[in-house]
Amino acid sequence: MLTVHHLNNSRSQRVLWLLEELGVPYEIVRYQRQPDMRAPVELRAVHPLGKSPVLIDNGNTIAESGAVAEYIIDTYGEGRLIPPSKTPERLRYTYWLHYAEGSAMPPLLLKLLFTLMPKRAPALLRPLVRKVCNQALTTLVNPQLKQHMAFWEGELGKSDWFAGNEFTAADIQMSFPLEAAAARGTLEQGHPRAMAFLERIHARPAYKRALEKGGPYAVGR
Ligand SMILES: N[C@@H](CCC(=O)N[C@@H](CS)C(=O)NCC(=O)O)C(=O)O
């Protein structure tokens with residue numbers, strides 16, 4: 001049976017959700033984040049980077065959530081949750097599947113880092129670190145994030161889902177950046193379509209089942 005190496009409160013929640021949408025049976029090997037939020041070292045025995053998700057199936061070890069989603073759709077999708085090939089929707093699907101980790105997550109990660117750094121700096125250096133981090137946030141990170149969020153808002157004005165009128169695996173992949181932006185408190189103001197997207201996905205029975213199996217998920221709320 002397919003095995004998901006699942007880190008609590010992480011991107012691998014999307015993999016559980018995709019498998020639930022497709023009704024594919026799977027087992028979960030669970031890992032708990034350490035106090036510093038890193039994955040435990042045991043995950044490095046499964047994949048050298050020690051990050052989650054990692055999928056094991058039929059002797060294949062698959063890492064990187066976009067690649068995991070592609071593998072699951074190719075192997076178990078039977079045409080579901082992917083637009084037909086050679087259509088504009090398929091192009092959009094491929095774009096969002098890659099964009100989520102390749103372009104959307106880096107500024108969100110930087111926002112998290114520059115917000116946490118002053119809190120973790122030694123007390124004496126804290127004012128200086130806070131000043132540098134705030135400058136990086138205001139000049140570099142926040143403007144980029146604003147641009148990305150406006151982009152999502154505009155695209156969700158063209159159709160309910162990222163690749164078109166049908167829900168696809170690209171929406172599952174895009175859920176993480178949107179959840180992360182909402183968790184950083186930057187999405188609520190001025191992005192009603194992105195917020196409505198989150199409401200729609202949270203209402204899906206497969207999303208709820210995946211949450212029950214994956215454990216507490218604080219990225220989005
Ligand atoms: N781009 C990779 C990112 C993987 C990643 O950074 N996963 C996080 C969980 S959200 C992780 O394992 N963090 C723990 C650590 O870095 O130790 C993917 O989409 O799979």
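It should be noted that the structure appears before, not after, this text.
In every chain, residue numbers begin from 1 and rise along the written sequence. Per-residue local features are limited, in this predicted model, to residues with pLDDT of at least 70; the limit for side-chain atom pairs, both in listing and counting, is 80 or more; totals at the level of whole chains, interfaces and linings are taken over all residues. Neither water nor hydrogens contribute to the side-chain values; these are computed over all heavy atoms in the structure.

J.: Which residues make up the packing of helix H2 (residues 65–76) against helix H3 (residues 88–120), and what values go with them?
T.: What counts as an axis is a line fitted to C-alpha atoms, over the stretch in contact for a helix, and the angles between N-to-C directions run from 0 to 180 degrees. Only DSSP runs of H or I covering at least 4 residues are called helices, and only runs of E covering at least 2 are called strands; the numbering of each starts at the N terminus. At a minimum axis separation of 9 Å, H2 and H3 run at an interaxial angle of 145 degrees. Listed contacts from H3 to Ser 65, Gly 66, Ala 69, Glu 70 and Ile 73 of H2 are Tyr 93, Leu 97, His 98 and Glu 101. Class assignment of the residues belonging to the contact of H2 with H3 gives a composition of 4 nonpolar, 3 polar and 2 charged. Between two residues, a contact is recorded if the distance between any of their heavy atoms is within 4.5 Å. Each residue is assigned to one of three groups, with Ala, Val, Leu, Ile, Met, Phe, Trp, Tyr, Cys and Pro labelled nonpolar, Asp, Glu, Lys and Arg labelled charged, and all others, Gly among them, labelled polar.

J.: Go over the packing of helix H5 (residues 169–183) against helix H6 (residues 192–202), please, and point to the residues and values.
T.: Taken N-terminus to C-terminus, the directions of H5 and H6 make an angle of 120 degrees; their axes are 10 Å apart at the nearest point. Viewed along their axes, H5 and H6 adopt a mutual orientation that is oblique. In this structure, H5 crosses over H6, and the sense of that crossing is left-handed. Residues Asp 171, Ser 175, Leu 178, Glu 179 and Ala 182 of H5 touch H6, and the partners they reach there are Ala 194, Phe 197, Leu 198, Ile 201 and His 202. For the contact of H5 with H6, a count of residues per class yields 6 nonpolar, 2 polar and 2 charged. Between 65 and 115 degrees an angle is taken as roughly perpendicular, under 35 as roughly parallel, over 145 as roughly antiparallel, and anywhere else as oblique. Left-handed describes a crossing whose near helix is turned anticlockwise from the far helix by less than a right angle; the clockwise case is right-handed.

J.: An account of the sheet that holds strand S4 (residues 60–63) is requested, with residue identities and associated values reported.
T.: Should DSSP find at least two bridges between two strands, the strands are taken to pair. Pairing within the open sheet is mixed, and its 4 strands lie in the order S2-S1-S3-S4. This sheet does not close on itself; its edge strands, each paired only once, are strand S2 (26–31) and S4. The mean angle between the axes of side-by-side strands here comes to 20 degrees, regardless of whether they run parallel or antiparallel. Looking at chain direction, strand S1 (residues 2–7) and strand S3 (residues 54–57) are connected through 3 bridges and run antiparallel. Bridge pairing in S3 links Thr 3 to Ile 56.

J.: Describe the pairing of S4, listing the residues and the values that go with them.
T.: For a regular strand, side-chain orientation follows a simple rule: the groups alternate between the two sheet faces. Here S3 pairs with S4 via 4 bridges, running antiparallel. By the bridge assignment, Leu 55 is partnered in S4 with Ile 62. What sits between S3 and S4 in their antiparallel hairpin is a turn of 2 residues, with Asn 58 showing a positive phi close to 50 degrees.

J.: Which residues make up the packing of aromatic side chains, and what are the values?
T.: Aromatic pairs are defined between Phe, Tyr and Trp rings, using the six-membered ring for Trp, whenever the two ring centres lie within 6.5 Å; interplanar angles under 30 degrees are classed as stacked, those over 60 as edge-to-face, and all others as tilted. For the structure on display, the rule yields 12 aromatic pairs. Centroid distance Trp 17 to Phe 167: 5.9 Å. Interplanar angle 40 degrees. Geometry classified as tilted. Here Trp 17 is found in helix H1 (residues 13–22), whereas its partner Phe 167 is found in the loop between helix H4 (126–155) and H5, with 150 residues between them in sequence. Residue class for Trp 17 comes out buried when judged on its relative accessible area of 2%. A centroid spacing of 5.8 Å and a plane angle of 80 degrees characterise the contact between Tyr 99 and Phe 151, whose relative ring orientation is edge-to-face. Linking Tyr 99 in helix H3 with Phe 151 in helix H4, this pair joins segments that are 52 residues apart in sequence. Here the term buried applies to any residue with accessible area under 20% of the maximum for its type, exposed to any over 50%, and partly exposed to those in between, with areas from a 1.4 Å probe on protein chains only. Tyr 99 gets classed as buried once you look at its relative accessible area, which sits at 4%. The exposure class of Phe 151 is partly exposed, given its relative accessible area of 29%. One aromatic cluster is present, formed by Trp 17, Tyr 95, Trp 96, Tyr 99, Phe 151, Trp 161, Phe 162, Phe 167, Phe 197 and Tyr 207 through successive ring pairs.

J.: Provide a residue-level description of the site of the ligand, including the pertinent values.
T.: With respect to spatial proximity, 13 residues lie near the ligand, and among them Arg 38, Ala 39, Lys 51, Glu 64 and Ser 65 are the closest. Throughout this description, a polar contact denotes any pair of N or O atoms lying within 3.5 Å of each other; where both atoms belong to protein, one of them has to be capable of donating a hydrogen while the other can accept it, and for residues adjacent in sequence the pair is counted only when both atoms sit in side chains. In the model, an oxygen atom of the ligand is placed 2.7 Å from a nitrogen or oxygen of the Arg 38 side chain. A distance of 2.9 Å separates a nitrogen atom of the ligand from a polar atom in the backbone of Ser 52. Notes on the ligand: free accessible area 510 Å², of which the protein chains cover 86%. Residues are classed as near a molecule or strand on a simple rule: at least one heavy atom within 4 Å of it. Residue-level accessible areas treat just the shown protein chains as cover; the underlying method is Shrake-Rupley with a 1.4 Å probe.

J.: Tell me about H4, residues and numbers included.
T.: At every residue, the bend is computed as the angle between two fitted axes, covering the seven residues ending there and the seven beginning there respectively. Approximately 45 degrees is the largest bend angle found in H4, and it occurs at Leu 137. For H4, the complete set of buried residues consists of Cys 133, Ala 136, Leu 137, Val 141, Leu 145, His 148, Met 149, Trp 152, Glu 153 and Glu 155. In the core, the buried residues of H4 are packed alongside H3, H5 and H6.

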